[in-house]
Amino acid sequence: MKNIFDLHKDILSDYKLYIDSFINIADKKILDTVKKEFDSGNLYPEPLIQFNPSFESGGKVEDLVKAKVLVEDFNDIFYDETGKSWSIYKHQTQAIIKGNEGQGFVVTSGTGSGKSLTYISTIFNYLFKNPNKPGIKAIIVYPLNALINSQEAALAGFEDNYRKRTGHGFPFTYAKYTGQEKQEEREKVIANPPDILLTNYMMLELLMIRKTDEDLRKSFLENIQYLVFDELHVYKGRQGADVSLLIRRIKSAAANRNIICIGTSATMATGTIEEQRNEVAKVATRFFDTKFLPENVIVESLTYSTKEVIPKKEELQLAIVDELKETSKSAILENPIAIWLERTIAVRNEGDHKRRNDPKSLKNIAAELSSETGHSAELCEKKIIEVLIWAETINIESTKEKKKDTILPFKLHQFISQTGYVYLTLEGADSRFITLEPNPFVKQSENEPEVPVYQTVFSRISGEEFICVRKDFDGENGKKLVFRDFNENQNPRNEDDLKVNDGEKKRKVKSRLQDDYKDGYILFDKGYLLDINEFIDLLPSAWISKSGKIDSSKEFLLPKEIYVSKDGSFSDKPNGGEKAWFMPAPLIYDPTCGLIFQEPKLSEKSKLISLGNEGRSTSTTLITLQTLLALYKHGKVIKEQKLMSFTDNRQDASLQAGHFNDFIQVVHLRSAIEKVLRANDEPLTISELIFKVQDALNLPEKEYAVNPSVNPSRPDEDNLEALRNYVSYRIIQDLKRGWRFILPNLEQTALLDITYKNIDKDSSDETLWDS
């Protein structure tokens, strides 16, 4: 049966395949070093397994009603499909009691622990006790609009429950107020302020200063009782200071001088339980400008879901080799491996408290079990996976039945690094030091001083190495080649100087530019550099003098002989150093393959490549696509073929969405081209291809036309022609070589061949080529 571990393996192997496809390194020693580093797992470390232990029960909502903590109306809100009162966790109960004693609190607990219920219940209880009072009594602030939308939906669900039992809605109102609503919706909120306002911190800032929000501002400043911040851990650094000052402004302007402040968060501090409480209390006191004591900090209370008896060594040993015959829920609760995982890996004891353990890799968990039982780590790993899949199968069924009693639920965390660069010392191929670590210096032996290492890139065509350097003429120890980042280039781009024709002035300009062009590349002499004079016919006319040779004003941009030592010193004449060539940046041609770059604004990254070709957007898009494809291949239903991506801000999210949409469009177009060509045994002309690709895309008219025809079965001819013109442009643009280095075109990936009509006939006709 396919499982999360197989899914993870498929996603990562596909991603590795993509990254590896761009590695083009001619030098065997460098290539071997890179492959060894990649295989070591430094770029793709072992995934971490993080367990989400069970939370200790805190009774039921009806218990708090009976204890007079909550009003009776809560029995009409929090009940399940069978009509029974909701079960709640211990930390929820503790927080609700604090809140209804008129105290502020901070709840720090894990995902899915019901933190929002603590402040919702506290606010609801106040509103039920104090009905029909005008104005905003509670402001709940979220860091993301998505969380606001989710909370609004949850509140609507609570009100539906209440209506089913009572026949009417809540005696209070709630509304969201963010930048995502239309102006008419916000005006309704201003005209009729709700009892509970859901917003984000940016909008709360605007509420305090905008003239248009004056009525809403007056409503909460005169009536506010509760100020809640969800996800407190988000507010750190400068942003945290800004929000903290905003809170102080609200409190100083509010009529109520005793606003109850509430926060919820994932774990905000390390150390023991008491150390965490003390630290969180300090943070909350600074943030809210309200005194928080350690007892106002509510931490999660964990419990075991499996059998209490710890298995003996012999039981563990037997469980590893025994076949799982019974797969019921009761069986897993008594399974020695499941018990061991929960008590050793998922949870640890700290006095009377149970604490979550830090995430661990599957291999490390298997190694611990192997050490305890004497069985091989491979056998232990196989059994652990078997038990976790068993537990997950039971948890899925519990979720369908809307039960909370999960067993060993876990997350798989995979961290992926960008591929980076190779770094070399300035030595010949046989003796140089090769590393992927970005350290500026390396000590090769105890008896030798540290020597510099340099960032290195590779020709996209030949795979030969280009070492990035900058000439330093002002160093304490004479002329030196110093480290230069591939993305930096301080060389001048003075076109006016380059076009000077006066002889004497030209010599001075040439001399000055040659000194100014300090950024470039070192190519060690391997006897293969191609002379640009062999390709003189391909050069722009501005490069050619009247004598038919390369103009002297351009010669300083060509490879120049240089002698280098591994300490970075260099000379234009033989001095005992290694013979090499210095090429100024940006490259005007690649001497390792003879390719001339005629476009002056062409990026260096289009000529040379580091270890990988992927940026963050590309990586995210690829992992997203590979995840969805893997879910499909694993037989997941459409509803489950989903994933969520988080980013720092809206701009990055918009960029990523655009990147992904562009990627899908390219793949869609290329799939249509490939489908058409496979269906035809004979080559197609470009015009034939365009018509057939348009048919293969089979796009509904309403998806591409502003004014589609009334009859969907007969698209408007003008719309079809416009689509055909667009498809023509996209096909020709996509087949252009070299403009998408992260997505090589179909010709570059050998999925199609482009030939030219009559090329054999015309090339063999000598009369066409006579000068």
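In case you missed it, the structure is sitting above this.
Residues numbered from 1 in each chain as written. Predicted model: local features only at pLDDT ≥ 70, side-chain atom pairs only at ≥ 80, totals over all residues. Heavy atoms only, no water.

Focus: helix α4 (residues 90–99)
Note: α-helices contain 3.6 residues per turn, so residues at a spacing of three or four share the same orientation.
Here is step 1 of the chain: When you tally the buried positions in α4, you get 7 out of 10 residues, the bulk of the element.
Here is step 2 of the chain: All of the buried residues in α4 are His91, Gln92, Thr93, Ala95, Ile96, Lys98 and Gly99. (Buried < 20%, exposed > 50% of the residue type's maximum accessible area, 1.4 Å probe, protein only. Helix = DSSP H or I, 4+ residues; strand = E, 2+ residues; numbered from the N terminus.)

Some words on the sheet that holds strand β6 (residues 138–142)
Here is step 1 of the chain: Sheet architecture is open: 7 strands sit in the order β7-β8-β6-β9-β10-β5-β11, paired in parallel fashion. Looking at the sheet topology across the chains shown, the edges are occupied by β7 (174–176) and β11 (297–299). Within the sheet, the average angular offset between the axes of one strand and its neighbour, ignoring direction, is 15 degrees.
Here is step 2 of the chain: Of the pairings in the sheet, the one linking strand β5 (residues 105–108) to β11 comprises 3 bridges and is parallel in character. (Pairing = 2+ DSSP bridges. Axes fitted to C-alpha atoms, helices over the stretch in contact; angles between N-to-C directions.)

Some details on the packing of aromatic side chains
Here is step 1 of the chain: A complete count under the given rule lists 27 aromatic pairs for this structure.
Here is step 2 of the chain: Taking 5.4 Å as the distance between ring centres and 90 degrees as the angle between the ring planes, the aromatic pair formed by phenylalanine 229 and phenylalanine 287 counts as edge-to-face. Placement of the pair is phenylalanine 229 in strand β9 (residues 226–229) and phenylalanine 287 in helix α11 (residues 273–288), with a sequence separation of 58 residues. With respect to burial, phenylalanine 229 and phenylalanine 287 carry one shared label: buried.
Here is step 3 of the chain: Between tyrosine 423 and phenylalanine 483, the ring centres sit 6.4 Å apart and the planes meet at 15 degrees, which makes this aromatic pair stacked. You can see tyrosine 423 sitting in strand β17 (residues 422–424) and its partner phenylalanine 483 sitting in strand β23 (residues 480–483), a full 60 residues away along the chain.
Here is step 4 of the chain: For phenylalanine 483, a relative accessible area of 37% corresponds to the partly exposed category.
Here is step 5 of the chain: Within the aromatic cluster, the residues linked to one another by ring pairs are Phe74, Phe78, Trp86, Phe124, Phe128, Phe158, Tyr162, Phe170 and Phe172.
Here is step 6 of the chain: Looking at arginine 165, its charged tip hangs above the ring of tyrosine 79, at a distance of 3.9 Å from the centre. (Phe/Tyr/Trp six-rings, centres within 6.5 Å; stacked < 30°, edge-to-face > 60°. Lys NZ or Arg CZ within 6 Å of the ring centre and 35° of its normal.)

Details of the packing of helix α12 (residues 313–321) against helix α14 (residues 336–346)
Here is step 1 of the chain: Remark: α12 packs on α14, axes separated minimally by 8 Å, with the N-to-C direction vectors making an angle of 120 degrees. Counting all contacts with α12, which are made through Glu315, Leu316, Ala319 and Ile320, the residues of α14 involved are Pro336, Ile337 and Trp340. (Contact = heavy atoms within 4.5 Å.)

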